[in-house]
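If you want the building blocks of each chain, they are given just below.
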Amino acid sequence: PMRSKPIKIPLQVCISQARSGLKSRKRGEKGEVRLKLGINVKGLVESVEVVGSTGFKLLDDAAVKAAKAAKFIPATIDGEAVFSTTEIKIVFKLN
């Protein structure tokens, strides 16, 4: 069957800044974490999987916490919201 409307991917609308914490900063920990997120039909994050670690548990945990609080406009097929997955990257830098 032909689709009347295109498939739309989920669109991130809000993610709070991931905070690494004083302990990580004092240790000089920095890096990039890649996360695979499961987004439900309401645009909420249902699942988070670390697919690329920083190598530092505290940073990875901070990224997961921030991702779980993120809000998305859900993916759609034919205008109907559907569960989807997407990957995001969070970078921790020392300032």
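Residues numbered from 1 in each chain as written. Predicted model: local features only at pLDDT ≥ 70, side-chain atom pairs only at ≥ 80, totals over all residues. Heavy atoms only, no water.

## Some remarks on the environment of Gly55
Looking at the secondary structure, you find Gly55 in the loop between β3 (45–52) and α2 (57–68). For Gly55, a relative accessible area of 61% puts it in the exposed group. Sequence separation between Gly55 and Lys30 is 25 residues; the distance between their C-alpha atoms is 9.1 Å. (Helix = DSSP H or I, 4+ residues; strand = E, 2+ residues; numbered from the N terminus. Buried < 20%, exposed > 50% of the residue type's maximum accessible area, 1.4 Å probe, protein only.)

## A short note on the nonpolar core
Counting 17 residues, the largest nonpolar core has Leu35, Leu37, Ile90 and Phe92 as its most contacted members. Elements represented by at least two residues in this core include exactly β2 (31–39), α2 and β7 (84–92). Counting residues per element, this core draws most heavily on α2, which supplies 6 residues. (Core = buried A, V, L, I, M, F, W, Y, C linked by side-chain atoms within 4.5 Å.)

## Side note on the confidence of the model for the chain
Put simply, the chain has an average pLDDT of 85, and 82% of its residues get 70 or more. Of all secondary-structure elements in the chain, the lowest mean pLDDT belongs to strand β1 (residues 11–14), at 63, while β3 reaches the highest, 97. (pLDDT = per-residue confidence, 0-100.)

## Side note on the pattern of salt bridges
Evaluated as defined, the whole model comprises 4 salt bridges. Between Glu29 and Arg27 there is a salt bridge, with the nearest N and O atoms lying 3.5 Å from each other. The class for Arg27 is exposed, based on a relative accessible area of 53%. For Glu32, the salt bridge goes to Lys89, with nearest N and O atoms at 3.9 Å. Taken together, the residues Glu32 in strand β2 and Lys89 in strand β7 connect sequence positions 57 residues apart. For Glu32, a relative accessible area of 39% corresponds to the partly exposed category. Classification of Lys89 by relative accessible area gives exposed; the value is 52%. (Salt bridge = Lys/Arg side-chain N within 4 Å of Asp/Glu carboxyl O.)

## A word on the pairing of β3
Bridge count between β2 and β3: 6 bridges; the pairing is antiparallel. Each bridged residue has a counterpart across the sheet, and for Arg34 the counterpart in β3 is Gly52. Following β2, the chain reverses through 5 residues before pairing antiparallel with β3; Gly43 in that reversal takes a positive phi of roughly 85°. (Pairing = 2+ DSSP bridges.)

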